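Structural overview for review
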Amino acid sequence: SSSSASGLENQIFQYIDLHQNEFIKILKEWVAVESDSVQPRLTQEVTRMMEIAAARLQALGATVELAQLGTSQLPDGQSLLLPPLILAELGKDPQKPTVCFYGHLDVQPAKKEDGWETDPYTLTESDGNLYGRGASDNKGPVLAWINAVETFKALKLDMPVNFKFIIEGLEEVGSPGLEKLIKDKNQLFFSDVDYIVISDNLWLSNRKPALTYGTRGSICFFVEVQGGERDLHSGTFGGIIHEPITDLIALLDSLVDISGRILIPGIYDDVSILTEEEKKLYESVEFDVEGHKNISGVKKFLYDNKEEILMNMWRYPSLSIHGIEGAFHEPGIKTVIPIRVIGKFSIRLVPHMNISIVEHQVKQYLEDIFSKRSSPNKLMVSVPLSAVPWLADINNTLYTAAKGAIKTVFGQDPDMIRDGSTIPIARMFQNITKKSVMMFPIGDADAGEHSQNEKISRSNYFQGTKLFATFFLEIAKLHEQLQEASTMKTTN
Ligand SMILES: C[C@H](N)C(=O)N[C@@H](Cc1c[nH]cn1)C(=O)O
Ligand SMILES: [Zn+2]
Ligand SMILES: [Zn+2]
């Protein structure tokens, strides 16, 4: 128990500690569902995952709607029914604040052969860590929130707040259909929501909790180069044709220089100017560069000093190349000339970059580079998905309540951080609902999201559950104080 925790909080913490095995069992069941949204063949598994979660919320007494998001078009022209999204609510007391929690239950692809030490879909405990795809991104945190609610119910305690849940199964593919759904539900489902909480990112370190107030956006590109109709023998045709993959590699190679600077003209034009005040902020962040290097497993970063590393993770754009569809990638040698290849890369966007301007700049640049090659091949550039960056005002009740809860559970103040990754819903929520949004991570920095051996530590799973439960009490208290203060103002 924590020394600054109240009797009620200690009762809650004790319940959570005593029920660790049950909470791990549920996480194990959820991780066992291969809810990979990247591969269309697994859509049914994502749908099954959503149904399992819906049943769990129903068992808690929540009213649950599985909202349909329509269909998507597959590359072969067939249409596929998208997995539904969960909208749930528990409690409707007008005296209490309503907190809406967002999470996602789809995961990135994972195969044991990718280099996992254990089966990615069998939650495995080792050295205090729970390994499995989705353990951290994002099944563990979603369950920590649900477990926290369940603790109040199991202890027959009054729920401090009204709960709403929006849980999706398509976050890893850019949340298609979500913006429209939030717009459609804005007048009904979201109208009485006071606060929105997202727990889908990580702390900056392995020891110190964090609160996140900004994320980068993202724009993904497909660069297709097509020669003829079929793959060719490199002995027969090598040396006499313009090979599509050679064109593509030249295009991809023209995107960033050796120092990581993006070479697309104009790309940095709209990036917000770094003020002295903001610069000081990075100087004050505690950040273990060597530790972060160890987590990444690489020997050297592009930058040596802490401030430059933080700024290039959080407040400058970056460009990453993800892969080439159509290129031979199996072990062994196949002496083929692939005739149609698609290069995939993305640019992380920061305030105040504009998606359409970036799209135009990239297309223009690639066409210019390509035209200099005098290749007869066909170039096509498309944008399969994009999301805008998000930045929050931290001087509000949400952040104050979360800081208070962190102090109670961890006995320290959080790192106030931004995050280089993208959670499309954050800005959508802010823009459409106009409610305040906070990112409340519970995973430590080496969680390995999207990577091999993803995990959540046993300690973070349970401390995270306690943290959320304490946060419910804290936000209820602050909200009440705010209400009282505003009543006093109107009566005076
Ligand atoms: C932070 C979150 N867990 C996440 O991993 N989001 C994805 C979303 C995305 C962006 N472009 C395509 N998908 C990410 O940041 O890569
Ligand atoms: Zn996620
Ligand atoms: Zn993710």
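Residues numbered from 1 in each chain as written. Chains lettered and ligands numbered in written order. Predicted model: local features only at pLDDT ≥ 70, side-chain atom pairs only at ≥ 80, totals over all residues. Heavy atoms only, no water.

The protein is annotated in an unreviewed UniProt entry as Carnosine dipeptidase 1 of Pelodiscus sinensis.

**Observations concerning the coordination of the zinc ion (ligand 3)**
When a metal carries six donors in an octahedron, the ideal angles between them are 90 or 180 degrees, while four donors in a tetrahedron ideally lie at 109.5 degrees. Condition: Distances define the donors: N, O and S atoms within 2.8 Å of the metal qualify, as do those within 3.2 Å of Na, K or Ca. Water is excluded, so some sites may look unfinished. Strands here mean DSSP runs of E at least two residues long; helices mean DSSP runs of H or I at least four residues long; both are numbered from the N terminus. Between buried and exposed lies partly exposed: a residue is buried under 20% and exposed over 50% of the maximum accessible area for its type, with that area taken using a 1.4 Å probe on protein chains only.
Protein-derived ligands of the zinc ion (ligand 3) are D137 (OD), E172 (OE), E172 (OE) and H450 (NE2), with the metal-ligand distances lying across 2.0 to 2.6 Å. Donor residues for the zinc ion (ligand 3), ordered by position in the chain, follow D-x34-E-x277-H. The metal-metal distance between the zinc ion (ligand 3) and the zinc ion (ligand 2) comes to 3.3 Å, with D137 coordinating both. Here the residue D137 occupies a position in the loop between strand 7 (129–131) and helix 4 (139–154), and E172 occupies one in the loop between strand 8 (162–168) and helix 5 (178–185), the gap between them amounting to 35 residues. Classification of D137 as buried rests on a relative accessible area of 5%. A relative accessible area of 13% places E172 in the buried class.

**Observations concerning the coordination of the zinc ion (ligand 2)**
The zinc ion (ligand 2) binds to the protein through H104 (NE2), D137 (OD), D200 (OD) and D200 (OD), with metal-donor distances spanning 2.0 to 2.5 Å. Each donor residue of the zinc ion (ligand 2) lies on the same chain, and together they follow the pattern H-x32-D-x62-D.

**A short note on the UniProt feature "domain: Peptidase M20 dimerisation" (unreviewed entry) in the protein**
Our working rule: UniProt positions are given in the numbering used here, feature names are shortened, and annotations may be inferred rather than shown by experiment.
Taking the numbering used here, the UniProt-annotated feature "domain: Peptidase M20 dimerisation" (unreviewed entry) corresponds to residues 213–370. Structurally, residues 213–370 comprises 35% helix and 22% strand, and the distance from its first C-alpha atom to its last is 40 Å.

**Topic: the domain arrangement of the protein**
Quick note on the threshold: Residue ranges for the domains originate in an automatic or database domain assignment. By the convention used here, residues are in contact when the closest approach between their heavy atoms is within 4.5 Å. Defined here as a combined quantity, buried area equals the accessible surface (1.4 Å probe) lost by two parts on assembly, summed across both. A pair is scored as a salt bridge if a Lys or Arg side-chain nitrogen falls within 4 Å of a carboxyl oxygen belonging to Asp or Glu. Think of a polar contact as two N or O atoms within 3.5 Å of one another; within protein, one of them needs to be a possible hydrogen donor and the other a possible acceptor, and neighboring residues in sequence only count if both atoms come from side chains. Throughout, the ten residues Ala, Val, Leu, Ile, Met, Phe, Trp, Tyr, Cys and Pro are labelled nonpolar, Asp, Glu, Lys and Arg are labelled charged, and all others, Gly among them, are labelled polar.
For the protein, the domain assignment lists domain 1 (7–215 + 389–491) and domain 2 (217–272 + 315–387). Relative placement of domain 1 and domain 2: their C-alpha centres are 35 Å apart. Every contact between the two is made by 10 residues of domain 1 and, on the other side, nine residues of domain 2. Here domain 1 meets domain 2 over a buried area of about 710 Å², counting both sides, of which 65% is carbon and sulfur. Its largest share of buried area at the contact with domain 2, domain 1 owes to P389, R418 and T422, together 63% of the area lost on that side. Where domain 1 packs against domain 2, one counts zero salt bridges. On inspection of domain 1 and its partner domain 2, the count reaches two residue pairs in polar contact (both at pLDDT 80 or more). A class-by-class count of the residues in the side of domain 1 that touches domain 2 yields four nonpolar, five polar and one charged.

**Description of the side chain of N162**
When you line up the elements, N162 lands in strand 8. The class for N162 is buried, based on a relative accessible area of 4%. At 3.2 Å, the side chain of N162 forms a polar contact with the side chain of T98.

**What to know about the confidence of the model for the protein**
Selection criterion: The quantity known as pLDDT measures the predictor's confidence residue by residue, on a range of 0 to 100.
In this model, the protein carries an average pLDDT of 96, and 99% of its residues clear a pLDDT of 70 or more. Under the prediction, the complex receives an ipTM of 0.97, its pTM being 0.92.

**Brief notes about the sheet that holds strand 7**
The test is simple: Any two strands with at least two DSSP-identified bridges between them are counted as paired. Axis lines are fitted through C-alpha atoms, for helices just across the contact stretch, and the angle between N-to-C directions can take any value from 0 to 180 degrees.
If you trace the three strands from one edge of the open sheet to the other, you get 6-7-20, paired in antiparallel fashion. The strands lining the two open edges of the sheet, one partner per strand, are strand 6 (124–126) and strand 20 (455–457). Taking the axes of each pair of neighbouring strands and ignoring which way they run, one obtains an average angle of 25° across the sheet. Bridge analysis of strand 6 against strand 7 gives three bridges, and the strand direction is antiparallel. Across the sheet, the residue bridging to S126 is N129, located in strand 7. Contacting strand 6, strand 7 and strand 20, helix 14 (residues 458–491) runs over the sheet at an angle of about 65° to strand 20.

**Here we look at the UniProt feature "site: Important for catalytic activity" (unreviewed entry) in the protein**
With numbering aligned to this structure, UniProt lists the feature "site: Important for catalytic activity" (unreviewed entry) at H233. Beyond its immediate sequence surroundings of up to four residues, H233 is in contact with G238, T335 and I337.

**Some details on the pairing of strand 15 (residues 340–349)**
For strand 15, the tally of buried residues reaches seven of 10 residues, placing the bulk of the element in the interior. The pairing of strand 11 (residues 217–226) with strand 15 spans 10 bridges and is classified as antiparallel. In the sheet register, S218 faces strand 15, and the bridge partner there is R348. Across seven bridges, the pairing between strand 13 (residues 318–325) and strand 15 is antiparallel. Within strand 15, the residue paired with S318 across the bridge is R348.

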